[in-house]
Amino acid sequence: MTMTNRHNSKRDHFIFCTINDVVPQDHLVRKLEEAIDFNFIYEEVKHLYSPYGRAGTDPVILFKLLFINIIFGLNSMRRTCSEAQVNLAYRWFLGLDIEEKIPNYSTWSQNYLRRYKDSEVFETIFYKILSQAMNLGFVDMTTVFGDGTHQKANANKRKHTEAEVAITKKYYEDELLKEINEDRECIGKETYDSITKTENMFDEETGELIKCKGTKKIKESTTDPESGCFHKGEKEKCFAYAHQTFCDKNGFVIETLVVPGNIHDSVSFNDAYKHMMSIFEGAIKNISLDAGYKTPAICKQLLDEGLKVYMPYVRPRTKKGYFKKYEYVYDEVYDQYICPNNKLLTYTTTNREGYREYKSEQKDCKDCPFKKKCTKSKQKVITRHLWESYKEEVEEFRYTPEWKEIYPQRKETIERVFADCKENHNLRYTRLKGLTKNQHQSWLVFACHNLKKMALWLRG
């Protein structure tokens, strides 16, 4: 076989065909176009445009550029516009002729600043695409899977200041405080004003001492103050944002909330969960979460609302060589603990954090043969949260056939959603600064994830 020489290849041929003829029938852009009618965007942004003056850039084209940017993982509006200039498939999706000019990369940023930054269009797009998937029967709300993931912020980790911020009030604090004080009143103890300790501070304007909640010191980025310093295990210490996200068993994202990266998942859980339940209440029967959410407050909240909760086993955080907490038997009838040496630990008080304290007698511990494996103090103290029974009820779900079927699906649902969006849809790090912009971006990223999945499922 002789060598082929294409040195004389012709690049000046006329092509007598349409863009529609050139784009393959199985190309992803065709599947995206079939999945949903994007004209709903016109109605959503109509109030943001003036009825007078020069016609602006088509808003559908602007948002379709964002879909191209996210779905195809370009991660740069400048690069997206450059690719759309020469990519006929992208032109077909945008509805532009080969002679028409692609909008400049700065057009989107200016439209965002002047029109979209304070609008609800991003959230509307997310729920519109989700609604379309639900209408097609692709979404199953019976069981939802929740988790959080971190996205590296556009901030230098070395540029920060030490800031002192107030400790925020927890959503369950009032309810827990009421039960704490009821417990303390029963044993003649003084009640608390709040769960968080208050401090006396001098008000320079009034000249009076006022009580306020405690404060804590955090590292605040000078580049993006709204991000949070994230450091966990062997992961790189950096400023980041966290995405509190829920999906169904088929991997369709149904709720997402962006918070600073220094907020724990169990703290940001409530806002995302409440918003999700306000929209889909009644459809959700089961919820599966990881070990970070296994707190008495969350377990109580979910069980009180009638959900079945599927969480993993959490290892006891006890020093090596000492008895584990489960080796002390709790007697619900007499409200006391029995130690491995068959001695009683009786209830003494309820502390500010909502834990009931059970203490042994010093004489029982003095000559106990197990003392070296029990405690270094003169007497053993065990704490039990007022809502500990809710955690124990959640623990009982682990021994059901449903847990063995549902919980392992987390790696196939929410964890796979995060992996796919980080690898393909620009969720690994953000170029944007501020919570609002990143929340808008989060809605778009997960909207594109849902749109792509829906488009592929429609074609089989």
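Quick note: structure is the one above.
Novice: An account of the overall build of the chain is requested, with residue identities and associated values reported.
Specialist: The helix and strand tally for the chain stands at 16 helices and 15 strands. The globule rule puts the C-alpha radius of gyration for 460 residues at 23 Å, and the 29 Å found for the chain is more than 25% above it. The buried share of the chain, reckoned over its 460 residues, is 45%. Considering only contacts in the chain between residues 6 or more positions apart, those separated by 24 or more positions represent 67%.

Novice: Please give an account of the sheet that holds strand β12 (residues 336–338) that cites residues and values.
Specialist: With antiparallel pairing, five strands are arranged side by side in an open sheet as β11-β12-β13-β14-β15. Whereas interior strands pair on both sides, the edge strands pair on one side only; in this sheet they are β11 (329–331) and β15 (381–385). The mean angle between the axes of side-by-side strands here comes to 35 degrees, regardless of whether they run parallel or antiparallel. In terms of strand pairing, strand β14 (residues 355–359) meets β15 through five bridges, oriented antiparallel. Along β15, the bridge assignment pairs Glu-357 with Thr-383.

Novice: Describe the environment of Tyr-326, with residues and values.
Specialist: Here Tyr-326 is to be found in the loop between β10 (308–310) and β11. Through-space distance from the C-alpha of Tyr-326 to that of Cys-247 is 34 Å; in sequence the pair is 79 residues apart.

Novice: With reference to specific residues and values, describe helix α7 (residues 105–116).
Specialist: With twelve residues, α7 extends 16 Å between its outermost C-alpha atoms, agreeing within 8% with the 16 Å of an ideal straight helix rising 1.5 Å per residue. For α7, the full list of buried residues reads Thr-107, Trp-108, Asn-111, Tyr-112 and Tyr-116. Viewed along the axis of α7, the buried residues span an arc of 135 degrees, placing them on a single side of the element. Residues of α7 that are buried in the fold lie against α3 (40–45), α4 (59–71), α5 (77–86), α8 (121–135) and α16 (435–458).

Novice: Quick rundown of the pairing of strand β8 (residues 253–260)? Include the residues and the values.
Specialist: Most of β8 sits inside the fold, with seven of its eight residues counted as buried. Direction of pairing for strand β7 (residues 238–248) relative to β8: antiparallel, over a ladder of seven bridges. Each bridged residue has a counterpart across the sheet, and for Thr-245 the counterpart in β8 is Thr-256. Counting the residues that bridge the hairpin from β7 to β8 gives four residues, and of these Gly-251 lies at a positive phi of roughly 90 degrees.

Novice: An account of α5 is requested, with residue identities and associated values reported.
Specialist: For an α-helix, the turn length of 3.6 residues means that residues three or four places apart are oriented alike. All of the buried residues along α5 are Met-77, Thr-80, Cys-81 and Ala-84. Taken end-on, α5 shows its buried residues confined to a sector of 95 degrees, consistent with a single buried face. The secondary structure elements touched by the buried residues of α5 are α4, α6 (88–94) and α7.

Calculation criteria
Residues numbered from 1 in each chain as written. Predicted model: local features only at pLDDT ≥ 70, side-chain atom pairs only at ≥ 80, totals over all residues. Heavy atoms only, no water. Helix = DSSP H or I, 4+ residues; strand = E, 2+ residues; numbered from the N terminus. Rg over C-alpha atoms; globule rule 2.2 N^0.38 Å. Buried < 20%, exposed > 50% of the residue type's maximum accessible area, 1.4 Å probe, protein only. Contact = heavy atoms within 4.5 Å. Pairing = 2+ DSSP bridges. Axes fitted to C-alpha atoms, helices over the stretch in contact; angles between N-to-C directions. Expected span 1.5 Å × (residues − 1). Arc of directions from axis to C-beta.

All we've got here are geometric facts, nothing functional implied.
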